[in-house]
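Take a look at the letters that make up each chain.
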Amino acid sequence: MSSIDRSQSAGGTRTYEVRTYGCQMNVHDSERLSGLLEDAGYVRAPEDADGDADVVVLNTCAVRENADNKLYGNLGHLAPRKARRPGMQIAVGGCLAQKDRDTIVKRAPWVDVVFGTHNIGKLPVLLERARVQEEAQVEIAESLEAFPSTLPTRRESAYAAWVSISVGCNNTCTFCIVPALRGKEKDRRPGDVLAEIEALVAEGVSEITLLGQNVNAYGSDIGDREAFGKLLRACGKTEGLERVRFTSPHPRDFTDDVIAAMAETPNVMPQLHMPLQSGSDTVLKAMRRSYRQERYLGIIEKVRAAIPHAAISTDIIVGFPGETEEDFEQTLHVVREARFAQAFTFQYSKRPGTPAAGMDGQIPKKVVQERYERLVALQEEISWEENKKQVGRVLELMVAEGEGRKDGATHRLSGRAPDSRLVHFTKPEQDVRPGDVVTVEITYAAPHHLLAEGPTPDVRRTRAGDAWEKRNAEKAAQPTGVMLGLPKTGVPEPLPAVASGCGCD
């Protein structure tokens, strides 16, 4: 089907595509951008559109050194499509747009709209203004105009949702450009957060992930240093909310009251993503990270004492400027001591505009690569050993959508354990939907997943599964996703009865 045919097949309704790069905050922002466009009358283009839409939005990331190359490469591929498609518009938003501003339309004059991280709510207006005035619209706000969670949303999942509790960051890590682009931390009021959670649960969501650039610093903007622990406990009182997660915390702000709230609140999952970045005190000081190795390992020890089965993951940067072999050995030491279930490992990449980019002692690529490979090999070994400890355990899984690429060939389904480990399990005879809960026994462990090859005796149908089923039944009439208006305040409508037998902090 040609571009023109696709446009006409929608009966004249303009289509859109949003491409997302970067962190969970960008993913969450893209759900808002999709909601804004649909609220303005646009319809999502087919999944295989690949730029064949009336409006293409690139939600960018500025974290990696080559982020601009990726952006302009994508814009270059879109240029001939736009030339062949009268009326097509291209918009660029996100962190790179906040940083580069006018540079984007100078290098890619076929771009129609450039908007920043603080004014995503302006996208439909800017698109219309660009269309009427027939010239590019560049609008970058210097401070937050409206908290993203007050905007319309098109969620990608019927059973799980992000809930942003803060935006921005007050840290000054020398490798990170996010605070300069997202601004200082701005917290939402606890009542607003809980109102959104209650509205999501009323829609059928049973798992939420609290989201912030430095999520456990929540409360510093509203004058309550224990606000995050209180928020976790309040989530535990939300009827119908089965699973609560959060990302990403910072060791500096990870206090004992948060550990206690995690341990004492049943629906807060035994999972923790705690960025390390380096195990060397010297490198941590150069990174301007406000903790040291002893403090970090002390947190891990306390979490393990309070939540014995917690799965702990981390972020690690290899090859930061000035890192010696001795410094790197300290990182390996922490990895051995902490025994992470998973580690997201990165080779240091210059972030233009950050202090680290101009530091002396930049490490040669060959040295960084060799250290990176050693770290990955060690973590693979530990991940496999930790996963083998799961064999024989009986776990409740929330059935997932699209996480098992080989499920069709293996006659399995996939789900997430409470600690977020991915489990592939034997497809039961009963009908099972994403969002439903099954009970399985783990029979085999690989470094990055578990298997439950025996029968699946217990299937619990849930409201989340009902929500997924309803969404798919309505797919012919509505685009993929779940549309939410503004969260209502107060107590949500009564929940339907559960059917019987049912990521650079």
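Residues numbered from 1 in each chain as written. Predicted model: local features only at pLDDT ≥ 70, side-chain atom pairs only at ≥ 80, totals over all residues. Heavy atoms only, no water.

> Could you clarify how one ought to interpret the overall build of the protein in this entry?
Helix and strand counts for the protein come out as 16 helices and 23 strands. Here the protein, with 505 residues, has 53% of them falling under the buried criterion. Surface summary for the protein: the accessible area is close to 22,000 Å², and the carbon and sulfur share equals 51%. (Helix = DSSP H or I, 4+ residues; strand = E, 2+ residues; numbered from the N terminus. Buried < 20%, exposed > 50% of the residue type's maximum accessible area, 1.4 Å probe, protein only. Areas by Shrake-Rupley, 256 points an atom, 1.4 Å probe, with all protein chains shown as cover.)

> How should I be thinking about the confidence of the model for the protein in this particular structure?
Put simply, the protein has an average pLDDT of 87, and 90% of its residues get 70 or more. pLDDT under 50 marks residues 1-11. Its contacts with residues more than four places away, or in other chains, come to 14 contacts. A low-confidence stretch, residues 479-504 stays under pLDDT 50, and its non-local contacts, those more than four residues away or across chains, total 70 contacts. (pLDDT = per-residue confidence, 0-100. Contact = heavy atoms within 4.5 Å.)

> Please explain helix α8 (residues 190-203) as it appears in this structure.
One full turn of an α-helix is made of 3.6 residues, so residues set three or four places apart face in the same direction. The end-to-end C-alpha distance of α8 is 20 Å, a good match for the 20 Å that 14 residues give at a rise of 1.5 Å each. Following α8 by one or two positions, G204 adopts a phi angle in the positive range, close to 115°. (Expected span 1.5 Å × (residues − 1).)

> Any chance you could explain the pattern of salt bridges here in plain terms?
Oppositely charged side chains can pair when the atoms bearing their charge come close. Enumeration over the complete set of coordinates arrives at 32 salt bridges. Across the pair R131 and E128 runs a salt bridge whose closest N-O atoms are separated by 2.4 Å. Here R131 pairs with E128, and both are found in helix α6 (residues 123-133), just three residues apart, close to one helical turn. Classification of E128 as partly exposed rests on a relative accessible area of 36%. A salt bridge links K230 to D224, with the shortest nitrogen-to-oxygen separation between them at 3.0 Å. A relative accessible area of 23% places D224 in the partly exposed class. Look at the salt bridges and you will find they share partners, linking E323, E325, E329, E370, R371 and R374 into a network. (Salt bridge = Lys/Arg side-chain N within 4 Å of Asp/Glu carboxyl O.)

> Just checking my understanding: could you explain the nonpolar core for this structure?
Among soluble globular proteins, nonpolar side chains are generally buried collectively. Membership of the largest hydrophobic core comes to 63 residues, with the highest contact counts inside it found for L210, L232 and F254. If we skip the residues at most four places from it in the chain, L232 touches L210, V244, F246, V258, A261, M262, T265 and V268. (Core = buried A, V, L, I, M, F, W, Y, C linked by side-chain atoms within 4.5 Å.)

> Any chance you could explain unusual backbone geometry here in plain terms?
Most peptide bonds take the trans configuration, and most residues that are not glycine carry a negative phi. Residue T247 is joined to S248 through a cis peptide bond whose omega torsion reads -10°. Mapped onto the elements, S248 comes out in the loop between β12 (243-247) and α10 (256-264). Although it is not a glycine, H411 sits at a positive phi angle of roughly 60°. Its identity is not glycine, yet S420 carries a phi of approximately 80°, on the positive side.

> Would you mind showing me how to read the sheet that holds strand β17 (residues 412-416) here?
Adjacent strands of a sheet form backbone hydrogen bonds with each other and so pair up, either parallel or antiparallel. Reading across the sheet, the seven strands line up as β20-β21-β18-β17-β16-β19-β22 and stay open at both edges, with mixed pairing between neighbours. Strands at the two margins of the open sheet, each flanked by one partner only, are β20 (444-445) and β22 (458-460). Where strand β16 (residues 394-399) meets strand β19 (residues 437-441), five bridges bridge the pair, whose relative direction is antiparallel. If you follow L395 over to β19, its bridge partner there is V440. (Pairing = 2+ DSSP bridges.)

> Help me understand α10, please; the structure alone is not making it clear to me.
Here α10 has its buried residues at V258, I259, A261 and M262. Summarising the axial view, the buried residues of α10 lie within an arc of 160°, below the 170-degree limit, and thus occupy one face. Contact partners of the buried residues in α10: α9 (227-235), β12, β13 (271-273) and α12 (293-306). (Arc of directions from axis to C-beta.)

> Where do I start with the side chain of D112 in this structure?
Structurally, the position occupied by D112 is in the loop between α5 (102-107) and β5 (113-115). A distance of 2.6 Å separates the side chain of D112 from the side chain of K82, its partner in a polar contact. Here I90 takes part through its backbone nitrogen, which lies 2.8 Å from a polar atom of the side chain of D112. For D112, the residues in contact, after removing those within four places along its chain, are K82, M88, Q89, I90, A130, E135, A136 and Q137. (Polar contact = N/O pair within 3.5 Å; in protein donor to acceptor, adjacent residues only side chain to side chain.)

> Could you clarify how one ought to interpret the packing of aromatic side chains in this entry?
The geometry of an aromatic ring pair is captured by the separation of the ring centres together with the interplanar angle, meaning the angle of the planes. According to the stated counting rule, one finds four aromatic pairs in the structure shown. Residues F228 and F246 carry aromatic rings whose centres are separated by 5.1 Å and whose planes lie at 85° to one another, so their mutual orientation is edge-to-face. Here F246 lies in strand β12 and F228 lies in helix α9, a separation of 18 residues in the sequence. The exposure classification of F228 matches that of F246, with both residues buried. For the pair F320 and Y348, a centre-to-centre distance of 5.5 Å together with 75° between the ring planes defines the contact as edge-to-face. One end of the pair, F320, is in the loop between β14 (311-318) and α13 (325-338); the other, Y348, is in the loop between β15 (342-347) and α14 (365-388), and 28 residues separate them in sequence. In this structure Y348 comes out as buried when scored by relative accessible area, which is 13%. Here the aromatic residues Y291, Y296 and F340 are joined through ring pairs into a cluster of three or more. A cation over a ring is seen here: R107 above Y72, with NZ or CZ 3.8 Å from the ring centre. (Phe/Tyr/Trp six-rings, centres within 6.5 Å; stacked < 30°, edge-to-face > 60°. Lys NZ or Arg CZ within 6 Å of the ring centre and 35° of its normal.)

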